[in-house]
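Understanding the architecture of this molecule
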Amino acid sequence: MFSAQFVTRLSKAQSVVAFTGAGISAESGVPTFRGNQGIWTKFKPEELASMDAFLANPPLVQEWYAARRKVFREVSPNAGHVALARMEKLFQRFTVVTQNIDNLHHRAGSLSVLELHGNIGRSYCLQCYREFVDDEIELGSGLTSCPTCSGLVRPDVVWFGEQLPEHEWAESVRAIESADVVLSIGTSGVVFPAAELPLLGKYHGAYVVEINPEETDLSRSMDEVIRENSSIALPELFRLLERAGVQQTETLR
Ligand code: NAD
Ligand code: ZN
C-alpha cells in the first residue's frame, strides 16, 4: 500500500504533521460536507454556516448545530483517529492539524491537536464573549440567549467568510514549515486557507502524502497518494512504523 521511500522517510522523520478533514470521521458515522452522504445535500452551506445566516435566523442555526452536536456525541473515534494518537508517541514532534470540529482526535487520545475551524463543543456570547462548554448551555428548540447579558450565543466554529483563529493558524504554519512528512487525510482540499497547508509543507521540503479513497484538488501536488480509507491505511501505517522501529533497535544491538 505504501512505497518503501515513504516508509523510510516517515520512520526517520523527527517532525510529522497529520492534516485531517471530514473524511477521517466519515467512518465514525459523521457525514462529510461533499459527496453523496454530505450534510450540504440537505442544506446549502451559505444558508446556515455564516454570520449573515445566523443573524437572519438565530434559532434555525442554533438548532442545526444542536442536532450536529448530538450526532458528534453519539459517535466514537475510529481506527484512523486511534492510529494517529498512537503515532504521536513514536515521534519527537507529531501534530494533528484538523479542519474538523467534532473533537474526535482529542477523544482518541491525541494530545497535540490544532483545530483550525473551532470545536462544536464550545459556544460563546456575541455580546459579552462569555464562553460555554458542552452542556453548560444547550442550543436549540427556540432562541438561546446568554444567561449573563441576553446576547446571542453562537457555536465556536469558523463560518464561511470568517478568519481562522490566529494562534492555531500560526502554530499550524510553524509545524508544517518544519515537518519532514505531511499526511493529508480525508480532505477535499477546497476550503482555503486550510488547504494551502499541505502545499506549504511540500514547498518547505516535506514528503507529502495523501490518504483518501478519491482524487482531490491536492492529489496532483502530492509525492504519493494512498487510495484507501483512513481507518484501514493509518493502522497499517502504524504497524509498519512499529516494525521499522523494532528493526532499528535490533540493528543497534
Ligand atoms: P470534505 O467533506 O470537503 O471532503 C471529505 C473528503 O474525505 C473527500 O475528499 C472524501 O473523498 C474523503 N473521504 C471520504 N471518506 C473517507 C475515508 N473513509 N477515509 C479517508 N478519506 C475519506 O471535507 P473537508 O475537506 O474537511 O472540508 C469540509 C469542511 O467542513 C471543513 O472545513 C470542516 O470544518 C467541515 N466539516 C467538519 C466535519 C467534522 O467535524 N467531522 C464534518 C463535515 C464538515
Ligand atoms: Zn453575554
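Note: the structure precedes this text.
Cut-offs and rules
Residues numbered from 1 in each chain as written. Chains lettered and ligands numbered in written order. Predicted model: local features only at pLDDT ≥ 70, side-chain atom pairs only at ≥ 80, totals over all residues. Heavy atoms only, no water. Axes fitted to C-alpha atoms, helices over the stretch in contact; angles between N-to-C directions. Helix = DSSP H or I, 4+ residues; strand = E, 2+ residues; numbered from the N terminus. Left-handed = near helix turned anticlockwise from the far one by under 90°. Contact = heavy atoms within 4.5 Å. Nonpolar A, V, L, I, M, F, W, Y, C, P; charged D, E, K, R; others polar. Donors = N, O, S within 2.8 Å, 3.2 Å for Na, K, Ca; no water. Phe/Tyr/Trp six-rings, centres within 6.5 Å; stacked < 30°, edge-to-face > 60°. Buried < 20%, exposed > 50% of the residue type's maximum accessible area, 1.4 Å probe, protein only.

For any two helices packed against each other, one specifies the crossing angle of their axes together with the interaxial distance. Interaxial distance between helix α8 (residues 166-177) and helix α9 (residues 196-203) falls to 8 Å at its minimum, and their mutual angle equals 35 degrees. Crossing handedness for the pair α8 and α9: right-handed. Side by side, α8 and α9 meet where Trp 169, Ser 172, Val 173, Ile 176 and Glu 177 of the first sit next to Glu 196, Leu 197, Leu 200 and Gly 201 of the second. When the residues that make up the contact of α8 with α9 are grouped by side-chain class, the tally is five nonpolar, two polar and two charged.

Before going further, it helps to spend a moment on the coordination of the zinc ion (ligand 2). Around a metal, the perfect tetrahedron of four donors has angles of 109.5 degrees, and the perfect octahedron of six donors has angles of 90 or 180 degrees. Protein coordination of the zinc ion (ligand 2) is provided by Cys 125 (SG), Cys 128 (SG), Cys 146 (SG) and Cys 149 (SG), with donor distances spanning 2.3 to 2.4 Å. If you list the donors of the zinc ion (ligand 2) from N- to C-terminus, the spacing comes out as C-x2-C-x17-C-x2-C. Linking Cys 125 in strand β4 (residues 118-125) with Cys 146 in the loop between β5 (131-133) and β6 (153-157), this pair joins segments that are 21 residues apart in sequence.

What follows deals with the packing of aromatic side chains. According to the stated counting rule, one finds seven aromatic pairs in the structure shown. On the basis of an interplanar angle of 25 degrees and a centroid distance of 6.1 Å, the ring pair of Phe 6 and Tyr 207 is categorised as stacked. With Phe 6 in helix α1 (residues 4-12) and Tyr 207 in strand β8 (residues 207-211), the pair connects residues that are 201 residues apart, well separated along the chain. Given a relative accessible area of 6%, Tyr 207 falls into the buried group. Between Trp 64 and Tyr 65 the ring centres are 5.1 Å apart and the planes differ by 80 degrees, which places this aromatic pair in the edge-to-face class. Classification of Trp 64 by relative accessible area gives buried; the value is 8%.

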